[in-house]
Amino acid sequence: MRRKPRIPPSPLPQRHGVDPVRVRLPIEGPWATVREHLVERLGPARAGVVDGMFEAGKIVGADGRAVASDAPYEPGMFVWFHRELPAEVPVPFPLDVVHRDEHIVVADKPHFLATTPRGSHVTETALARLRRELGIPALGAAHRLDRLTAGLVLFTVRPEERGAYQSLFRDKRVFKEYEAVAPYDPGLALPRTVRSRIVKERGVLAAYEVEGEPNAVSRVELIEHRADGPGRYRLVPSTGQTHQLRVHMNALGVPILGDPLYPVVKDPVPAGDFRRPLQLLARALEFTDPVTGVEHRFRSTRTLEAWSSYGDRSGQ
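Residues take numbers from 1 onward in each chain, read along the sequence in its written order. This being a predicted model, a pLDDT of at least 70 is required before a residue's local features are given, and a value of 80 or more before pairs of side-chain atoms are given or counted; all residues contribute to the totals for chains, interfaces and linings. Hydrogens and waters are ignored; side-chain quantities use all the structure's heavy atoms.

Peer 1: What's the story with the environment of leucine 205 in this structure? I'm lost.
Peer 2: Assignment of secondary structure puts leucine 205 in the loop between strand E8 (192-199) and strand E9 (208-210). Considering only alpha carbons, one finds leucine 205 and valine 265, 60 residues apart in sequence, at a separation of 7.9 Å. For this analysis, residues touch if any pair of their heavy atoms sits within 4.5 Å. Here leucine 205 is in contact with Lys200, His243, Leu261 and Val265, once residues within four sequence places are set aside. Helix numbering and strand numbering both begin at the N terminus, where a helix is a DSSP run of H or I of at least 4 residues and a strand a DSSP run of E of at least 2.

Peer 1: I tried to follow the layout of surface pockets on my own but got confused; where do I start?
Peer 2: One way to see where empty space is left: roll a probe the size of a water molecule over the atoms. Both site types are read off a 1 Å grid over the protein atoms alone. A 1.4 Å probe that fits but cannot get out defines a cavity, while an open set with protein on both sides within 12 Å along at least five of seven lines defines a pocket; lining residues have an atom within 4 Å of a point. Grid points are joined across faces, edges and corners, and a volume is the space filled by probe spheres set on the points. The volume enclosed by the second largest pocket comes to roughly 460 Å³. Considering the residues around the second largest pocket, the lining is formed by 18 residues, among which Asp19, Pro20, Val21, Arg22 and Arg83 are closest to the centre. Listed by contribution, the elements that provide at least two residues to the lining of the second largest pocket are strand E1 (21-24) and helix H3 (126-134). Throughout this entry, Asp, Glu, Lys and Arg are counted as charged residues, while Ala, Val, Leu, Ile, Met, Phe, Trp, Tyr, Cys and Pro are counted as nonpolar. The remaining residues, Gly among them, count as polar. Residues of the lining of the second largest pocket, tallied by class, amount to 11 nonpolar, three polar and four charged.

Peer 1: Before we go on, may I ask you to explain the environment of glutamate 102 in this structure?
Peer 2: Considering the arrangement of structural elements, one finds glutamate 102 in the loop between strand E3 (96-100) and strand E4 (104-109). Distance in space between the C-alpha atoms of glutamate 102 and arginine 158 is 8.1 Å, their sequence separation being 56 residues. In this structure glutamate 102 touches Val157 and Arg158, once residues within four positions along its chain are discounted.

Peer 1: So what exactly am I meant to see when it comes to unusual backbone geometry here?
Peer 2: Generally, phi is negative for residues other than glycine and the peptide bonds are trans, each holding for most cases. Geometrically, the link from leucine 190 to proline 191 is a cis peptide bond, its omega value of 0 degrees lying close to zero. Considering the arrangement of structural elements, one finds proline 191 in the loop between strand E7 (175-183) and E8. In this structure, the amide linkage connecting tyrosine 262 to the following residue, proline 263, adopts the cis form with an omega of 10 degrees. The backbone phi angle of lysine 172 is positive, close to 60 degrees, even though this residue is not glycine. Mapped onto the secondary structure, lysine 172 falls in the loop between helix H4 (162-170) and E7. Even without being glycine, histidine 243 reaches a positive phi, approximately 60 degrees. Position of histidine 243 relative to the elements: it lies in the loop between strand E11 (230-237) and helix H5 (244-251).

What follows is the structure, encoded as structure tokens:
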């Protein structure tokens with residue numbers, strides 16, 4: 001069995017709470033120089049950017065020294081560089097820390113804030129913000145919430161312990177409870193457990209249900225409803241498929257208010273438009289700490305505005 005290569009520590013510091021990009025050159029390939037591989041990997045359209053980074057000494061090896069653009073290709077070699085950070089509109093809502101100890105940080109994430117850097121959301125993410133604000137460069141996410149979903153997220157302080165906390169979610173040893181606001185249907189029999197097979201294709205925004213062995217299970221309960229329409233729901237997933245709760249609520253005929261993908265994919269809103277958040281909240285998180293053995297029970301103190309100040313949301 002081939003042994004995994006030892007990954008050297010990064011010679012570059014974080015920037016704005018974001019790690020540098022690490023690239024390992026493949027063991028086999030046709031490239032004569034490091035530059036040739038990076039241009040192919042990042043795309044020929046970015047050749048000018050790659051050349052500019054080489055000229056500025058921004059691509060470095062494990063020793064922290066700049067790699068020359070004509071440096072010979074070395075199979076298995078590691079190089080690091082900082083990506084160009086996109087211009088991002090700050091998410092103007094607080095990121096509250098509800099618990100912090102030497103092992104974990106639990107944050108109460110607002111709507112519109114991504115959990116970890118991805119795509120056009122890099123510095124405006126919960127992970128980057130917490131690294132900066134708490135001064136914990138090694139902080140990592142044990143799991144993720146959708147950018148549009150608010151609520152509790154678990155982060156780990158020590159990289160060597162991250163796997164133990166991630167395994168809690170992988171092995172379904174975390175109790176997660178969500179709250180949602182959606183239309184009220186008096187003909188919908190609740191509570192009920194929804195089981196289906198959900199598929200999410202790369203590059204396709206919305207997930208969808210297909211025939212086959214269920215891979216997504218959600219408990220749906222009605223907490224209360226208003227005479228003028230909306231209901232407040234308690235959702236308890238026992239699996240973690242992408243968009244699972246949103247897909248299941250839509251399948252029941254009560255799509256979550258503010259959802260831009262279900263039942264139909266809407267046009268993207270302009271950057272900086274924070275007026276209509278998805279009415280979904282990760283309300284509770286409970287688990288036995290795999291490192292300390294402590295029984296943790298956390299609850300979000302956030303409220304869903306469609307319930308606390310209900311108005312006309314028929315256009316959502």
